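Spelled out from the first residue to the last, the chains are:
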Amino acid sequence: MALVKAGVLVLDCAEPEKLAVFYKELLEGEESDATANRVEIRTADGFRIALRRDVNATPPSWPRPENSLQAHLEFVVDDLDAVERRVVSLGGRPLEAKDASGPLEERGYADPAGHSFTLRRTAPTAPKQG
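The name given to the protein in an unreviewed UniProt entry is VOC family protein, with Streptomyces dubilierae as the source organism.

So, unusual backbone geometry: which residues are in play, and what are the values?
A positive phi angle, close to 50°, is found at Glu 28, a residue other than glycine. With respect to the helices, strands and loops of the structure, Glu 28 is situated in the loop between α1 (16-27) and β2 (30-34). A relative accessible area of 69% means that Glu 28 is categorised as exposed.

So what about the packing of aromatic side chains? Which residues, and what values?
As enumerated under the stated definition, the model contains 5 aromatic pairs in all. Each ring, one from Tyr 109 and one from Phe 117, has its centre 5.7 Å from the other, and the planes form 25°; the classification is stacked. Residue Tyr 109 shares its accessibility class with Phe 117, and that shared class is buried. Taken together through their ring pairs, the aromatic side chains of Phe 22, Tyr 23, Phe 47, Phe 75, Tyr 109 and Phe 117 make up a single cluster.

Can you break down the nonpolar core residue by residue, with the values?
The biggest cluster of nonpolar side chains holds 21 residues, and the ones touching the most others in it are Tyr 23, Leu 51, Phe 75, Val 87, Phe 117 and Leu 119. For this core, the secondary-structure elements that each account for two or more residues are β1 (9-13), α1, β3 (38-42), β4 (48-53), β5 (73-76), α2 (80-89) and β8 (116-122). Residues in contact with Val 87, not counting those within four places in the same chain, are Phe 22, Leu 26, Gly 92, Arg 93, Tyr 109, Phe 117 and Leu 119.

I'd like a rundown of the sheet that holds β2, residues and numbers included.
Read from one edge of the open sheet, 4 strands run β1-β4-β3-β2, paired in mixed fashion. Looking at which strands have only one partner, the edges of the open sheet turn out to be β1 and β2. For this sheet the average axis-to-axis angle between neighbouring strands, irrespective of direction, equals 25°. Alignment of β2 against β3, held across 4 bridges, turns out to be antiparallel. Residue pairing in the sheet places Glu 30 in a bridge with Arg 42 of β3. Along the sheet, α1 contacts β1, β2, β3 and β4; its crossing angle with β4, the most-contacted strand, is approximately 165°.

Go over α1 with me, naming the residues and quoting the values.
Relative to the 16 Å expected for 12 residues at 1.5 Å per residue, α1 spans 16 Å between its end C-alpha atoms, a close match to the ideal helical length. Pro 16, Leu 19, Ala 20, Phe 22, Tyr 23, Leu 26 and Leu 27 are the residues of α1 that are buried. Axial view of α1: buried residues confined to an arc of 160°, hence all on one face. If you follow the buried residues of α1, they end up packed against β1, β3, β4, β5, α2 and β8. In the segment just after α1, Glu 28 is the residue with positive phi, at about 50°.

Reading the values: the criteria
- Position labels on residues start from 1 in each chain and follow its written sequence.
- For a predicted model such as this one, the threshold for reporting local features is a pLDDT of at least 70, and the threshold for listing and counting side-chain atom pairs is 80 or more; totals across whole chains, interfaces and linings nevertheless cover every residue.
- Excluding hydrogens and water, the side-chain values take into account all heavy atoms of the structure.
- Helix and strand assignments come from DSSP, with helices taken as H or I runs of at least 4 residues and strands as E runs of at least 2, each series counted from the N terminus.
- Each residue's exposure class comes from its accessible area (1.4 Å probe, protein chains only) as a fraction of the maximum for that residue type: buried when under 20%, exposed when over 50%, partly exposed otherwise.
- What counts as a ring pair is set by centres within 6.5 Å for rings of Phe, Tyr and Trp (its six-membered ring), and what kind of pair is set by the plane angle: stacked under 30 degrees, edge-to-face over 60, tilted for all other angles.
- Throughout, nonpolar core names a set of buried Ala, Val, Leu, Ile, Met, Phe, Trp, Tyr and Cys residues whose side chains join them through atoms within 4.5 Å.
- Only heavy atoms matter for contacts: two residues are in contact if any of them lie within 4.5 Å across the pair.
- Pairing between strands is defined by DSSP: at least two bridges between them are needed.
- Here the axes come from fitting lines to C-alpha atoms, over the contacting stretch only for helices, and the angles between their N-to-C directions go from 0 to 180 degrees.
- Helix span, expected: 1.5 Å multiplied by one less than the number of residues in the helix.
- Here the arc refers to the directions that run from the helix axis out to each C-beta atom.

Here is the structure:
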């Protein structure tokens, strides 16, 4: 029997109810649990994220050399442009504007509370035609 039953990614923020709206919409998830200080969201594939109230929370500032090992979220998407439009419409913001090269394309963003995340698209497995 496993000792750990489930994993939940928890982000601290000043207003978990407001940040929960962003992640529910972005991830097309549902609120699975809520208390006065914590809101948990679960997606159809079982991913769980919780937003925990910390009245002293300050937005992370990434990328900074002194914070180079800071954790961030990464979401795999099919259409970077479409998801970017959705992120921005929900109150997120781009962190960088660079062209990715190689087999992966990715873009960095911050949620409305300042937590960084990456949208990543893998290159098609079929060879390019033409």
